[in-house]
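Structure at a glance
Below are the chains, spelled out letter by letter.
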Amino acid sequence: MSEVTVRRKPTIRDVAVQAGVSRSTVSRVINGGHWVSPDARVAVEEAIVATGYTANHHARSLATGRAGSMAFLLTEPQQLLFDDPTFALLLRGAAEALAQRAMTLVLLVAGTPAERESVAHFISAGHVDGVLLISSHESEPLLDQLLDSGVPIVSCGVPLGHERELSTVSVEEVASAKTMVAYLQQKGYARIGMIAGPDDTPGGRYRLVGFREELGDDFDDALVEVGDYSFESGQTAMTRLLERGVDAVFAANDRMAAGAIAAVRRAGLRVPEDVAVAGFDDSGLAATHEPAITTMRQPWEQISAQMVSVLLEAIAGAEPRSVILDTELVVRESA
């Protein structure tokens, strides 16, 4: 009996390595884009032959027609779609932007391995023309699968580890954090702590960078705690910071800021008289909270609209590009 070796099916990654170009360039060639140099196109076509790559259903469907829909992809546990108001704002904005273009928005959630497998199969089968990636973690395995499938993608926030492989729409993370720290310093606060987000997310990493840079020599690593963007993690982090002595705290989102305020009150202290608390996002929670939370406002409608516009460009074959939007300091009662 002869032994049969099963060979792995070549992917866009293999073609890119063979041709000496990026995966996004291969994707543009396959999808018929016009933003590819003649030399790059020839290199990719030769690499396709050399590797034996066969375009998937998604690429073939682009050659014959569009699905007329985009995926709103959330790579988080399902409950966060309802717990975190930022996702609802982005979803509503994207749906409105697509409705104006007579296109459909398909909501996909991939927070578990089974969901990732199902979503990867659905998208690769050509049921959507492109993907609005709403949450991005550095170790997210689904993103590599989608990049290898050749589907056009635009990410909300800079996807760590894939910065040059797809289009992005983000805010000035570092500059925004520096603005908030400068405001707290101007108010006379001296021991400023931070509740940072997870380091594998752009908001978690770059807002901490801005916090550290603005404080300079006054930065104290002992006054930084890391949360997971939840109310509960904000409470836990603030309890620890209070033990070390802080007079102001900057949380990387409003939900953690609300949790921090709850911890201050539980300790018998007042906000802002004893400890000031500031957040980030202004997704609705900050304005309705008691006390109302000082925060950095993200332009949610503009983010959604830009994501849809940039993704349509990518679907048409444009090169990946980054759009960076400004935030706005909103001063309220908490700081």
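Along each chain, residue indices are assigned from 1 in the same order as the chain's sequence is written. Given that this is a predicted model, residues contribute local features only at a pLDDT of at least 70 and side-chain atom pairs are listed and counted only at 80 or more, while totals for whole chains, interfaces and linings are drawn from all residues. Only hydrogens and water are removed before side-chain values are computed, so all heavy atoms of the structure are retained for them.

Remarks on the pairing of strand β1 (residues 69–74)
In regular strands, side chains alternate between the two faces of the sheet. Burial classification: accessible surface area is computed with a 1.4 Å probe over protein chains only, and a residue below 20% of its type maximum counts as buried, one above 50% as exposed, and the rest as partly exposed. A run of H or I in DSSP becomes a helix once it reaches four residues, and a run of E becomes a strand once it reaches two; helices and strands are each numbered from the N terminus. Most of β1 is tucked away: six of the six residues are buried. Strand pairing is assigned whenever DSSP detects at least two bridges linking the two strands. With four bridges connecting them, β1 and strand β3 (residues 130–133) associate as parallel partners. Note on β3: the bridge partner recorded for Met70 is Gly130.

Examining the nonpolar core
For this analysis, a nonpolar core means a set of buried residues of the types Ala, Val, Leu, Ile, Met, Phe, Trp, Tyr and Cys, connected via side-chain atoms within 4.5 Å. If you look at the biggest cluster of nonpolar residues, it comprises 70 residues, and the most contacted ones within it are Ile195, Phe211, Met238, Phe250 and Ile303. If you tally residues by element for this core, the top one is helix α14 (residues 300–315), at eight residues. Residue contacts are defined here by distance: any two heavy atoms, one from each residue, within 4.5 Å place the two residues in contact. Contacts of Ile195, omitting those with residues within four sequence positions, involve Glu225, Gly227, Gly234, Ala237, Met238, Leu241, Val249, Phe250, Ala251, Ala252, Met256 and Ala260. One finds Ala71, Leu108, Ile123 and Leu147 within the second-largest nonpolar core, a separate group that totals 17 residues.

Notes on the sheet that holds strand β11 (residues 322–325)
The six strands are arranged β2-β1-β3-β4-β5-β11 in an open sheet whose pairing can be described as parallel. Edge positions in the open sheet fall to β2 (104–109) and β11, since each of these has one partner strand only. Along the sheet, successive strands turn relative to each other by an average axial angle of 20°, direction set aside. Where strand β5 (residues 167–171) and β11 come together, four bridges link them in parallel fashion. Residue Ser170 lies in a different strand from β11, and its bridge partner there is Ile324. To obtain each axis, a line is fitted to C-alpha atoms, and for helices this fit is confined to the stretch in contact; angles are then taken between N-to-C directions over 0 to 180 degrees.

Concerning helix α2 (residues 23–30)
α2 sits mainly inside the fold: seven of its eight residues count as buried. Every buried residue belonging to α2 is among Arg23, Ser24, Thr25, Val26, Ser27, Arg28 and Val29, and all of these are buried. Looking at the buried residues of α2, the elements they touch are α1 (12–19), α3 (38–51) and α8 (141–149).

What about the pairing of β5?
Summarising burial for β5: five of the five residues are buried, a large majority. A two-sided burial pattern is seen for β5, the buried positions comprising Ser167, Val169 and Val171 on one face and Thr168 and Ser170 on the other. Across three bridges, strand β4 (residues 153–156) lies against β5 in parallel orientation. Looking at β5, one finds that Ser155 is bridged to Thr168.

What to know about the packing of α1 against α3
With their axes 8 Å apart at the nearest point, α1 and α3 run at an angle of 120° to one another. Comparing their axes, α3 and α1 come out oblique. Viewed along their axes, α1 and α3 form a crossing whose handedness is right-handed. In contact with Asp14, Val15, Gln18 and Ala19 of α1, α3 contributes Ala43, Val44, Ala47, Ile48, Ala50 and Thr51. For the contact of α1 with α3, the residue count by class is seven nonpolar, two polar and one charged. Under this scheme an angle from 65 to 115 degrees is roughly perpendicular, one under 35 degrees roughly parallel, and one over 145 degrees roughly antiparallel; angles in between are oblique. Each helix crossing is assigned a hand: it is left-handed if the near helix lies turned anticlockwise from the far helix by less than a right angle, otherwise right-handed if that turn is clockwise. Gly counts as polar in this scheme, as do all residues outside two lists: the nonpolar Ala, Val, Leu, Ile, Met, Phe, Trp, Tyr, Cys and Pro, and the charged Asp, Glu, Lys and Arg.

Honestly, it's all geometry; don't read function into it.
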